[in-house]
Amino acid sequence: MLYVVRDLPPRGDVEAPLHAKSSEVGSPAAGTYYIESSYKDAGTDNIVTVVLADYRGFDTFGETVVVFAAGAACLLILRGRRRS
Amino acid sequence: MKSVGVSPIVRLACRCMARLIQIFALYVIFHGHYSPGGGFQGGALLAAAVILIRIGEGRPVSQVELSSSATLGIGSFGALLFGGVGLLALLGGGNFLQYDALPSFGLSPVGLHYWGILVIELGVALAVMAILVSIFDVLTEDDESEG
Amino acid sequence: MNGFFEDYSAYIMCFLLLTVGLYGMLLKRNYVKKVIGMTIFQAAIILFFILTAYKEGGTVPVKDPTLPLDQADAYINPLPHALMLTAIVVGVATVGVALSLLIRVYGAYGSLDEDKIQQEASK
């Protein structure tokens, strides 16, 4: 892994592919698109909030369900403890 | 973890701190549109306040704050609030969670996005708070009944 | 840009943290220590993702009245932040499930040591 690390873009590189304006096939790249159009789309200053709840709302919904399932699993695992 | 000899200083500090943390959590949730913050962080802070009271004051007092049996209900309410907004958009003729399709009360599409995000953050905060508290409750159940 | 150390030391620290977590997960005998190793592993991955989001001279991804939004280089990338926010909460829930399973294991075998549990289970 220490060998491979040299192939990563250096820290804070503005030119890194992650921060590009458009992807290799020409569609707008996610990060830059979110920065440019989030306020126009949702009227909200915090871009992370918009990405989390608007563009990737389905993702966040699944995540909430996962957290809920984890809580239910804890309850089910430990409920019968005192009887055993 | 016997809660027999909790000193008055600890109890007073817990009481003061918990209220401050709760106010800060509400600020984080509702100000998440303008500054770093949002449902997850606010929910975690609310859970921290409740758990602080659970530890500092013992179980009987903290049951008034948020009873263990209510946590799973609140959690599912939060998750359903999230899903309900999504389904409402579906009923309005859009995709799941497409805020433009929500019934507008004289709001522009951008305003609908704004309020939709706020409701969703609230649902996330409730779910996260309730689930974290319920995990803590379940993990420490035995200690309380022994002590 | 600034020489190898400035550019890559943060990545190397991330990978060291990853290795510490992997070591804890694979070689420690106690299950609680394995869970702690998993948490360290998770933290390393989260740090790595946040690291990739950083841009030289960028500010937090919250709209600043003095910075126009079409000037994308002035804001760091919001996407890894949003993804890791969910990852952190899911991580906490996962640790909760793991600990509750460990409580059940301790109740069944009276120990959290891997060897003792295997001895007990093979009887």
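Residues numbered from 1 in each chain as written. Chains lettered and ligands numbered in written order. Predicted model: local features only at pLDDT ≥ 70, side-chain atom pairs only at ≥ 80, totals over all residues. Heavy atoms only, no water.

What to know about the overall build of chain C
Alright, step 1. Tallying secondary structure elements over chain C gives four helices and zero strands in all.
Alright, step 2. Reading chain C from its N end, one meets helices and strands in the order α-α-α-α.
Alright, step 3. By the compact-globule yardstick of 14 Å for 123 residues, chain C is too spread out, its C-alpha radius of gyration being 20 Å.
Alright, step 4. Principal-axis analysis of the C-alpha atoms gives chain C an extent of 70 × 30 × 15 Å.
Alright, step 5. In chain C, which comprises 123 residues, the proportion classed as buried is 36%.
Alright, step 6. Nonlocal contacts in chain C, meaning residues at least 24 apart in sequence, comprise 45% of its contacts between residues at least 6 apart. (Helix = DSSP H or I, 4+ residues; strand = E, 2+ residues; numbered from the N terminus. Rg over C-alpha atoms; globule rule 2.2 N^0.38 Å. Buried < 20%, exposed > 50% of the residue type's maximum accessible area, 1.4 Å probe, protein only. Contact = heavy atoms within 4.5 Å.)

Let's talk about the interface of chain A and chain B
Alright, step 1. Contact residues are listed per partner, giving 26 residues for chain A and 32 residues for chain B.
Alright, step 2. Of the roughly 2600 Å² buried between chain A and chain B, counting both surfaces, carbon and sulfur atoms make up 70%.
Alright, step 3. Taken together, the links from chain A to chain B amount to zero salt bridges.
Alright, step 4. Linking chain A with chain B are six residue pairs in polar contact (both at pLDDT 80 or more), by the criterion used here.
Alright, step 5. Elements supplying a minimum of two residues to the side of chain A that touches chain B: α1 (30-42), α2 (47-55) and α3 (57-79) of chain A.
Alright, step 6. Sort the elements by how many residues they give to the side of chain A that touches chain B and α3 of chain A lands first, with twelve residues.
Alright, step 7. Residue composition of the side of chain A that touches chain B, by class: eleven nonpolar, eight polar and seven charged. (Buried area = accessible area lost by both parts, 1.4 Å probe. Salt bridge = Lys/Arg side-chain N within 4 Å of Asp/Glu carboxyl O. Polar contact = N/O pair within 3.5 Å; in protein donor to acceptor, adjacent residues only side chain to side chain. Nonpolar A, V, L, I, M, F, W, Y, C, P; charged D, E, K, R; others polar.)

Quick look at the interface of chain C and chain A
One widely used convention gives an interface's size as the accessible area the parts lose upon coming together.
Alright, step 1. In this assembly, 45 residues from chain C lie in contact with 40 residues from chain A.
Alright, step 2. Interface area, chain C with chain A, both sides summed: about 3900 Å², of which 75% is carbon and sulfur.
Alright, step 3. Viewed at the interface, chain A and chain C are joined by zero salt bridges.
Alright, step 4. Sorting the residues of the side of chain C that touches chain A by element identifies α1 (4-27), α2 (31-53) and α3 (78-109) of chain C as the ones contributing at least two each.
Alright, step 5. With 17 residues, the single largest contributor to the side of chain C that touches chain A is α3 of chain C.
Alright, step 6. Of the residues assigned to the side of chain C that touches chain A, the class counts are 30 nonpolar, seven polar and eight charged.

A closer look at the pattern of salt bridges
Residues and elements named next belong to chain C.
Alright, step 1. Under the criterion given, the structure shown has four salt bridges over all chains.
Alright, step 2. Of the charged contacts in the structure, one is a salt bridge between E114 and R29, with a shortest N-O distance of 3.3 Å. Taken together, the residues E114 in helix α4 (residues 114-122) and R29 in the loop between α1 and α2 connect sequence positions 85 residues apart.
Alright, step 3. Since its relative accessible area comes to 16%, E114 is described here as buried.
Alright, step 4. Residue K34 is joined to E114 by a salt bridge in which the shortest nitrogen-to-oxygen separation is 3.7 Å. Here K34, found in helix α2, pairs with E114, found in helix α4; they are 80 residues apart in sequence, far enough to count as distant. Take K34 and E114: they sit in the same class, and that class is buried.

Some thoughts on the packing of aromatic side chains
Alright, step 1. Tallying each qualifying case throughout the model produces 13 aromatic pairs over all chains.
Alright, step 2. Taken together, a centroid distance of 5.3 Å and an interplanar angle of 55 degrees make the contact between F61 of chain A and F82 of chain B tilted. Note that F61 of chain A is positioned in helix α3 and F82 of chain B in helix α4 (residues 68-91), a pairing that runs across two chains.
Alright, step 3. When its relative accessible area of 0% is taken as the criterion, F82 of chain B is described as buried. (Phe/Tyr/Trp six-rings, centres within 6.5 Å; stacked < 30°, edge-to-face > 60°.)

Digging into the packing of α3 of chain A against helix α5 (residues 109-139) of chain B
Alright, step 1. One way to put it is that α3 of chain A packs onto α5 of chain B with a least axis distance of 9 Å and a crossing angle of 20 degrees. Comparing the axis directions of α3 of chain A and α5 of chain B gives the class roughly parallel. The chirality of how α3 of chain A crosses α5 of chain B is left-handed. Mapping the contact onto sequence places T60, T64, V67, F68, G71, C74, L75 and L78 of chain A in α3 of chain A and V124, A127, I131, S134, I135, V138 and L139 of chain B in α5 of chain B. (Axes fitted to C-alpha atoms, helices over the stretch in contact; angles between N-to-C directions. Parallel < 35°, antiparallel > 145°, perpendicular 65-115°, else oblique. Left-handed = near helix turned anticlockwise from the far one by under 90°.)

Shape is all these values report; function is a separate question.
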